[in-house]
Amino acid sequence: MMKWFLFLAAFLPITPTMAEVVNSVSNCSEFLLEGSPPQIPGIIENGVIKDQNRYKLICQTFNNKRRFLTVYDTTNKIPVFSAYKFKKITAEERPNIPWMIKSQLSGDAEINMKNYKPTKDDKQATDGCYKQNNQGYDRGHLYPVFHGPEVDDKKSTYTLTNVVPQAKNFNRGRWRVMEARVKNLMEKYCINNSVIEGFVVVGALPSADKFLLRGKVNIPDKLWSAFCCYSSTKNKWLAGAHWDKNTNESEGCLPIKRGELSSVRELNQELNKELKTTSVNVFPGQNECLNNDELVKTFGKRPKEIKKEENKGGKRRKIGR
């Protein structure tokens, strides 16, 4: 009997996919610039989650390797933000993998992500919330699948703790364009001693009126994205930011409509206005992310120039995300 077990075990695929809920940012600090998470009053302050019953810090892990970090809101059932380190991309194809959930959030002791419907879904969204919702919303990645450097990094983005309901035209249009633009910029400028590397944070602002997808999942009013990196060739920090309304309307917020970057400082101001506070800081670990707007000034390209670069930045998303 033992021989047969060992024989079968040798041929069975072992691909553990874990998303560990942790108590300290230090467990996943490698995905944060200078190890410091965004400062968002009432949610995470000085690296500490304020309401640990509501907000969960997740080290998103796939095949025994941590891939990125997420702060998840179990009330709105969407992530507050996902943070990741951008690296040289070696795999271009989009993986074919089922959507998974974080079973620990539903009262299961198992730390592995699972692609089954849990008996309790009061703490997170499930795939059923998105399927055939008839409201025109996709599962929209915060950590974009085509920003993943390797195949397993791309697969790790397929957790429902990394997505929010995004209006279809917005997800497949303006926001996809922004993701491709950021990819192109970082590949061109974020080079430190011949290595492509930078830090990215992507977040969502929940709707104030609690308009929920199928009565369960908050539909964000806006999405935001920021990156910062050190360029050894320029001997300085470079940064940029975007934000936009989560709607199918053709007009977006100014930075995307004009095809230009905004600064991290301007993003902080926008988030402060939306959250009615004064101390939001997306990159509190490095003040130069606020002070240097070289890319903001130089990347003021006209639409034709932008379109040419974006065509190199990633394949168009498939319908039915």
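All figures in this text were calculated on a predicted structure; none of them were measured in a lab.

Caption draft 1: Spatial organisation of the overall build of the protein. Assigned secondary structure in the protein consists of nine helices and 16 strands. A burial count over the protein gives 53% of its 321 residues as buried. Taking the intrachain contacts of the protein between residues at least 6 apart in sequence as the baseline, contacts between residues at least 24 apart amount to 68%. Here the protein displays about 15,300 Å² of accessible surface, and carbon together with sulfur accounts for 49% of that area.

Caption draft 2: Highlighting the nonpolar core. Grouped together as the largest cluster of nonpolar side chains are 45 residues, with contacts concentrated most on Y130, M186, V200, V217, L223, F227 and L261. The element contributing the most residues to this core is helix α4 (residues 168–189), with six residues. Those residues in contact with M186 that sit more than four places away from it in its chain are F86, I196, G198, F199, V200 and F227. Ranked by size, the runner-up nonpolar core spans 36 residues in total, among them V22, F31, F81 and C289.

Caption draft 3: Spatial organisation of empty space enclosed by the protein. All told, the structure shown has one cavity of 30 Å³ or more when counted by the stated rule. Of the volumes computed, that of the largest cavity is approximately 40 Å³. Along the walls of the largest cavity sit Y84, L142, P144, H147, W175, M178, E179, V182, V200, V202 and S225, which together make up its complete lining. When residues of the lining of the largest cavity are traced back to their parent elements, those giving at least two are α4 and β12 (195–205). The element that contributes the greatest number of residues to the lining of the largest cavity is α4, accounting for four residues.

Caption draft 4: Region of interest: the layout of surface pockets. The calculated volume of the largest pocket comes to roughly 410 Å³. Along the walls of the largest pocket sit 23 residues, with A204, L205, P206, E274 and L275 positioned nearest its centre. Elements that contribute at least two residues to the lining of the largest pocket include exactly β6 (78–87), β12, β15 (222–231) and α6 (264–275).

Caption draft 5: Region of the structure containing the state of the cysteines. Tallying each qualifying case throughout the model produces three disulfides. Each disulfide pairs two cysteine sulfurs, and for C28 the partner residue is C59, the sulfurs being separated by 1.6 Å. Taking the torsion about the sulfur-sulfur bond, which here is approximately -85°, the covalent link between C28 and C59 counts as left-handed. Here C59 lies in strand β4 (residues 55–62) and C28 lies in the loop between β1 (17–22) and β2 (44–45), a separation of 31 residues in the sequence.

Caption draft 6: Structural context of the pairing of strand β10 (residues 163–167). A large share of β10 lies buried, amounting to five of its five residues. Burial along β10 is two-sided: V163, P165 and A167 facing one way and V164 and Q166 facing the other are all buried.

Caption draft 7: Representation of α6 within the structure. Along its twelve residues, α6 runs 16 Å from first to last C-alpha, staying within 8% of the 16 Å computed at 1.5 Å per residue. Of all the positions in α6, only V264, L267, N268, E270, L271 and N272 are classed as buried. The elements touched by buried residues of α6 are β12, β15, β16 (236–245) and α7 (288–291). Immediately beyond the C-terminal end of α6, within one or two residues, lies K276, with a positive phi of roughly 55°.

Caption draft 8: Region of interest: the side chain of T61. Position of T61 among the secondary structure elements: in strand β4. Judged by its relative accessible area of 7%, T61 is buried. A distance of 3.1 Å separates a polar side-chain atom of T61 from the backbone oxygen of C59.

Caption draft 9: View of the confidence of the model for the protein. Per-residue confidence for the protein gives a mean pLDDT of 81, with 77% of residues at or over 70. Here residues 1–17 is modelled with pLDDT under 50, and outside its nearest four sequence neighbours on either side it reaches eleven contacts, counting other chains as well. Scored below 50 in pLDDT, residues 312–321 makes 27 contacts in the model with residues more than four places away or belonging to other chains.

Caption draft 10: Just the packing of aromatic side chains, in detail. In this structure the tally under the stated criterion is five aromatic pairs. Between F68 and Y143, the aromatic rings sit 4.9 Å apart at their centres with planes inclined by 75°, giving edge-to-face as the arrangement. Of this pair, F68 sits in strand β5 (residues 65–73) while Y143 sits in the loop between β9 (137–141) and α3 (151–156), and the two are 75 residues apart along the sequence. A residue is classified by how much of its surface remains accessible, and F68, at 0% relative accessible area, is buried. Take Y143: its relative accessible area is 1%, and that puts it in the buried class. Between F170 and W175 the ring centres are 5.4 Å apart and the planes differ by 50°, which places this aromatic pair in the tilted class.

Cut-offs applied
Residues numbered from 1 in each chain as written. Predicted model: local features only at pLDDT ≥ 70, side-chain atom pairs only at ≥ 80, totals over all residues. Heavy atoms only, no water. Helix = DSSP H or I, 4+ residues; strand = E, 2+ residues; numbered from the N terminus. Buried < 20%, exposed > 50% of the residue type's maximum accessible area, 1.4 Å probe, protein only. Contact = heavy atoms within 4.5 Å. Areas by Shrake-Rupley, 256 points an atom, 1.4 Å probe, with all protein chains shown as cover. Core = buried A, V, L, I, M, F, W, Y, C linked by side-chain atoms within 4.5 Å. 1 Å grid on protein atoms, 1.4 Å probe; cavity = no way out; pocket = protein on both sides within 12 Å on 5 of 7 lines; lining within 4 Å. Points joined across faces, edges and corners; volume = space filled by probe spheres on them. Disulfide = S-S within 2.5 Å. Expected span 1.5 Å × (residues − 1). Polar contact = N/O pair within 3.5 Å; in protein donor to acceptor, adjacent residues only side chain to side chain. pLDDT = per-residue confidence, 0-100. Phe/Tyr/Trp six-rings, centres within 6.5 Å; stacked < 30°, edge-to-face > 60°.

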